[in-house]
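# Per-entry structural report
Residue-level listing of the chains:
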Amino acid sequence: MALSLGRRTFAPFATNHCSVFLKAVRSSGLSLFPWGHCPWRRTGSFLDPEMKAFLEENTEVTSSGSLTPEIQLRLLTPRCKFWWQRADLWPYSEPYWAIYWPGGQALSRYLLDNPDVVRGKSVLDLGSGCGATAIAAKMSGASRILANDIDPIAGMAIRLNCELNQLNPFPILTKNILDLEQDKWDLVVLGDMFYDEDLADSLHQWLKNCFWTHRTRVLIGDPGRPQFSGHSIQHQLHKLIEYSLPEPTRRENNGLTTSTVWDFQP
């Protein structure tokens, strides 16, 4: 998840002693537009050789400790050197993409278990991060997928994660999609995006427009952050399923125990 409005407030769910991890969880500073060129990119253009080598050297391929063991991802783990080093030694923007957040885990599990939700449909993964939910949609038969994340490094990570799972890469949009003209999608999925009150308000309005203009279905994954559970969007949600989080995810999210998938019905 990498849309940013103002200061991020992940502090209530900060977890272990990883300096870079804590920086990703607690800090802000991502510009809404940190690059300056065309937002549409085919994933091949993300694979700068130096960056690819850096990501491969400083992340671990893992499929354990999450709700989706069938998906392999490159993530920051305790076996990565930057897990322990000072956060200011990480040379790029905060690696939110390197964490498999619990809302995204729930969404991905739901799509894998319910492939009819996406089979033959167009899917937008908003705030895609590591790309796991877009990958789950691809595995479940979605006909068209767009992964959206404002961090271009997340785009590279998504490309690598597609390769890990023997999938042809899908397009990636690297601008704040809330500021662009809405496209028509059969389904929009977003996990862990309601972490900031201003962003929550903007997302709520954008999702309502999406629903009423295109009759787009919207699924939201969230582990119960106060910015989500206390937001007015709660009156327009239908609970689909609640998952018990694996112990490693609980430890990395300050003891959060569950994550829920919601159907947005304004």
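Keep in mind the model is a prediction, meaning the values are calculated, not measured. (Residues numbered from 1 in each chain as written. Predicted model: local features only at pLDDT ≥ 70, side-chain atom pairs only at ≥ 80, totals over all residues. Heavy atoms only, no water.)

## Some points on the environment of Cys130
Considering the arrangement of structural elements, one finds Cys130 in the loop between strand E4 (122–126) and helix H5 (132–139). On the basis of relative accessibility, which here comes to 5%, the residue Cys130 falls in the buried class. Sequence separation between Cys130 and Arg159 is 29 residues; the distance between their C-alpha atoms is 9.2 Å. In contact with Cys130, not counting residues within four places along its chain, are Leu73, Leu75, Trp97, Tyr100, Ile158 and Asn161. (Helix = DSSP H or I, 4+ residues; strand = E, 2+ residues; numbered from the N terminus. Buried < 20%, exposed > 50% of the residue type's maximum accessible area, 1.4 Å probe, protein only. Contact = heavy atoms within 4.5 Å.)

## So, the nonpolar core
Counting 34 residues, the largest nonpolar core has Leu73, Leu111, Val118, Val123, Phe170 and Leu219 as its most contacted members. Counting residues per element, the ones that place at least two in this core are strand E3 (73–75), helix H4 (102–113), H5, strand E5 (144–148), helix H6 (152–164) and strand E7 (187–191). Membership of the second largest hydrophobic core comes to 25 residues, among which are Leu126, Leu190, Ala200 and Ile233. (Core = buried A, V, L, I, M, F, W, Y, C linked by side-chain atoms within 4.5 Å.)

## Brief notes about the pattern of salt bridges
If you walk through the whole model with that rule in mind, you get 11 salt bridges. Close ionic contact of Glu56 with Lys52 constitutes a salt bridge, the shortest N to O distance being 2.8 Å. Taken together, the residues span about one helical turn, with Glu56 and Lys52 both in helix H2 (residues 49–58) at a distance of four residues. Among the ionic pairs, Asp183 bridges to Arg144, the shortest N-O distance being 3.9 Å. With Asp183 in the loop between strand E6 (172–173) and E7 and Arg144 in strand E5, this residue pair connects regions lying 39 residues apart in the sequence. (Salt bridge = Lys/Arg side-chain N within 4 Å of Asp/Glu carboxyl O.)

## So, H4
Along an α-helix, a turn takes 3.6 residues, which lines up residues three or four apart on a common side. The terminal C-alpha atoms of H4, which comprises 12 residues, lie 16 Å apart, in line with the 16 Å expected from a rise of 1.5 Å per residue. Along H4, 11 of the 12 residues are buried, which leaves the element largely enclosed by surrounding structure. Residues of H4 that are buried: Pro102, Gly103, Gly104, Gln105, Ala106, Leu107, Ser108, Arg109, Tyr110, Leu111 and Leu112. The inward-facing, buried residues of H4 abut H5, E7, strand E8 (217–222), strand E9 (237–244), helix H9 (247–252) and strand E10 (258–264). (Expected span 1.5 Å × (residues − 1).)

## Some words on the pairing of E4
For E4, the tally of buried residues reaches five of five residues, placing the bulk of the element in the interior. Taking every second residue as pointing to the same face, both faces of E4 are buried, with Ser122, Leu124 and Leu126 on one and Val123 and Asp125 on the other. Across five bridges, E4 lies against E5 in parallel orientation. Note on E5: the bridge partner recorded for Leu124 is Leu146. Note that the unit made of E4, H5 and E5 has a crossover that is right-handed. Pairing geometry for E4 and E7, over four bridges, is parallel. Among the inter-strand pairings, Leu126 is bridged to a residue of E7, identified as Leu190. (Pairing = 2+ DSSP bridges. Right-handed = clockwise from strand over helix to strand, strands pointing away.)

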